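# Results of the structural survey
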Amino acid sequence: MWEKLSSMTIQELFTAYPYAIDFFEALPLPIKDFDRVRDYFFCIDEETSQDVGMDRQNLIEQFVAFMTQMQQMQTEEELVKSVTIVGGQDKDGQRENILLTINAGEIICIVGPTGSGKSRLLADIEWIAQRDTPTKRKILINNQVPDVKRRFSVEHKLVAQLSQNMNFIMDLTAEEFVLMHAESRMVENAAEVCTNIIVKANELAGEKFLPCTPVTSLSGGQSRSLMIADAAYLSKSPIILVDEIENAGIDRQKAIRLLVDRQKIVLMATHDPILALTGDKRLVIKNGGIKKVIVTSEQERHNLVLLEKLDHQLSSIRDILRNGGCIDLIPAEPGVTIC
């Protein structure tokens, strides 16, 4: 590693590895215009060494360790092309006869009565279960069992879950919150990415919010919109689990499309027929087990268009109510005023 890095110029180093500048700024080390990285470290004087509390050799070792770790982090973020669910058992111990592979960019809906086990399936995927949960399911990534380090990694979680209730406790504005996340990911043009995320979030939210709005003041729908946009553009997790997005007060179809366009694997538990038919497949859960896998048919796609028209009409009525209008779609009975 040192042999490769030491022969680069400082400019080449920062161009090839933008995160390298963080090492120099954190100590902090003065950045001088030396031709080579090797020259830079060998020209560090005693006063600078004392200021940072390390001699020249320790600085080089720390620099190499930092760069090695950062490269490993990027390597670990291997592209997830597929997730496979290997069947386990239902609540009565009956075997699930299922082997389902979900590919990047697919939408899988999970349907079933309340309490049937939809959230349990989401949890199995989130934990990358290996026959060690009550359902005895097994989850494969790219057709392989993920190693233990990757499965339990905090920094590089394979799965991000958007739950029904999202509450912020940080005293930050929406802009500060997203910018902090962007900077922690060491993305380029963090400010530009932050602005884009807030714009996208406002496209999903029923009521728009400003970048200066405190996150603690966001409504449930606004919070969910912000986290969906954040997950789409900043989260390294390739798998997004969504639990009952229809209750979030957002443009649900646009939210799902945003995640899919970012090549996320999307699984969502839902009672919404429109969302269910938006998916490529739906898993029917009963008594804690996957009882059926239904591929969305062409007839259902046709029906989806009709349902969307009805949903648009209902949305228009909701907007009238929210704005204090009157519902005059139904002829009133004699002596009855609908207002």
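Note that the coordinates shown come from a computational prediction; the quantities given were computed from them, not determined experimentally.

### Considerations on the overall build of the chain
- When its secondary structure is counted, the chain shows 14 helices and 9 strands.
- Looking at the chain alone, contacts between residues at least 24 apart form 65% of all its contacts between residues at least 6 apart.
- Here the chain has roughly 18,600 Å² of accessible surface; of this, 51% comes from carbon and sulfur atoms.

### Focus on the sheet that holds strand β9 (residues 289–295)
- Spatial strand order, β5-β6-β7-β3-β8-β9: 6 strands in an open sheet with mixed pairing. Each edge of the open sheet carries a strand with a single partner, namely β5 (159–162) and β9. Here the average twist between neighbouring strands, direction ignored, is 20°.
- Bridge count for strand β6 (residues 239–243) against strand β7 (residues 265–269) is 5 bridges, and the pairing is parallel. The partner of Val242 across the bridge, within β7, is Met268.
- Along the sheet face, helix α12 (residues 252–261) touches β3 (107–111), β6 and β7 and points at about 150° away from the line of β7.

### A look at helix α11 (residues 220–233)
- Over its 14 residues, α11 extends 20 Å from the first C-alpha to the last, a length consistent with the 20 Å expected when each residue adds 1.5 Å.
- The buried fraction of α11 is high, at 12 of 14 residues.
- Turning to α11, its buried residues number three or more, namely Gly221, Gln222, Ser223, Arg224, Ser225, Leu226, Met227, Ile228, Ala229, Asp230, Ala231 and Ala232.
- As for α11, its buried residues are in contact with β5, α9 (174–184), α10 (190–204), β6 and α12.

### Remarks on the nonpolar core
- Of all hydrophobic cores here, the largest spans 36 residues; its most connected members are Leu226 and Ile228.
- Taken together, the elements giving at least two residues each to this core come down to β3, β5, α9, α10, α11, β6, α12 and β7.
- The next biggest cluster of nonpolar side chains, apart from the first, holds 25 residues, and it includes Leu158, Ile265, Ala269 and Ile285.

### Quick look at the sheet that holds strand β4 (residues 138–141)
- With antiparallel pairing, the 3 strands of this open sheet are ordered in space as β2-β1-β4. At either margin of the open sheet sits one strand with a lone partner, and together these are β2 (99–103) and β4. This sheet shows a mean twist of 20° between the axes of neighbouring strands, independent of strand direction.
- Across 4 bridges, the pairing between strand β1 (residues 82–86) and β4 is antiparallel. Each residue of the ladder has a partner; that of Val83, found in β4, is Ile141.

### Points about the packing of α11 against α12
- Where α11 contacts α12, the axes come no closer than 9 Å and their chain directions differ by 15°. Judged by the inter-axis angle, α11 sits roughly parallel to α12. Viewed along their axes, α11 and α12 form a crossing whose handedness is left-handed. Residues Ile228, Ala229, Ala232 and Tyr233 of α11 touch α12, and the partners they reach there are Ala255, Leu258 and Leu259.
- A per-class count over the contact of α11 with α12 returns 7 nonpolar, no polar and no charged.

### Some points on the packing of aromatic side chains
- Under the defined criterion, the tally for this structure stands at 5 aromatic pairs.
- Taken together, a centroid distance of 5.4 Å and an interplanar angle of 65° make the contact between Phe23 and Phe63 edge-to-face. Here Phe23 is found in helix α3 (residues 20–26), whereas its partner Phe63 is found in helix α6 (residues 56–76), with 40 residues between them in sequence. For the pair Phe23 and Phe63, a shared accessibility class is recorded, and that class is buried.
- Each ring, one from Tyr40 and one from Phe41, has its centre 5.5 Å from the other, and the planes form 85°; the classification is edge-to-face.
- For Tyr40, a relative accessible area of 3% gives the class buried.
- The class for Phe41 is buried, based on a relative accessible area of 0%.
- Through a chain of ring-to-ring contacts, three or more aromatic side chains come together here, namely Trp2, Phe23, Tyr40, Phe41, Phe63 and Phe66.

### Details of the environment of Phe63
- Here Phe63 falls in the buried class, since its relative accessible area comes to 0%.
- In this structure the C-alpha to C-alpha distance between Phe63 and Trp2, which are 61 residues apart in sequence, comes to 8.9 Å.
- When residues no more than four places from it in sequence are discounted, the contact partners of Phe63 are Trp2, Leu5, Leu13, Phe23, Phe24, Val37 and Phe41.

### What to know about the confidence of the model for the chain
- On average, residues of the chain carry a pLDDT of 83, and 89% of them reach 70 or more.
- pLDDT under 50 marks residues 335–339. Its contacts with residues more than four places away, or in other chains, come to 6 contacts.

### Quick look at the pattern of salt bridges
- One pass over the structure, following the stated rule, counts 8 salt bridges.
- The partner of Glu106 in a salt bridge is Lys281, with the nearest N and O atoms 3.1 Å apart. A residue pair is termed long-range when its members are at least 10 positions apart, and Glu106 in the loop between β2 and β3 and Lys281 in strand β8 (residues 281–286) qualify at 175 residues.

### Looking at a negative patch on the surface
- A cluster of acidic residues, Asp45, Glu46, Glu47 and Asp51, forms a negative patch on the protein surface.
- Relative to the helices and strands, Asp51 is located in helix α5 (residues 46–52).
- Under the relative-accessibility criterion, Asp51 is labelled exposed at 62%.

Quick notes on the rules
Residues numbered from 1 in each chain as written. Predicted model: local features only at pLDDT ≥ 70, side-chain atom pairs only at ≥ 80, totals over all residues. Heavy atoms only, no water. Helix = DSSP H or I, 4+ residues; strand = E, 2+ residues; numbered from the N terminus. Contact = heavy atoms within 4.5 Å. Areas by Shrake-Rupley, 256 points an atom, 1.4 Å probe, with all protein chains shown as cover. Pairing = 2+ DSSP bridges. Axes fitted to C-alpha atoms, helices over the stretch in contact; angles between N-to-C directions. Expected span 1.5 Å × (residues − 1). Buried < 20%, exposed > 50% of the residue type's maximum accessible area, 1.4 Å probe, protein only. Core = buried A, V, L, I, M, F, W, Y, C linked by side-chain atoms within 4.5 Å. Parallel < 35°, antiparallel > 145°, perpendicular 65-115°, else oblique. Left-handed = near helix turned anticlockwise from the far one by under 90°. Nonpolar A, V, L, I, M, F, W, Y, C, P; charged D, E, K, R; others polar. Phe/Tyr/Trp six-rings, centres within 6.5 Å; stacked < 30°, edge-to-face > 60°. pLDDT = per-residue confidence, 0-100. Salt bridge = Lys/Arg side-chain N within 4 Å of Asp/Glu carboxyl O. Patch = residues over 30% accessible without salt bridge, like charges linked within 9 Å, V, L, I, M, F, W, Y side chains within 5 Å. Lys, Arg positive; Asp, Glu negative; His and termini not counted. Charge placed at Lys NZ, Arg CZ, Asp CG, Glu CD.

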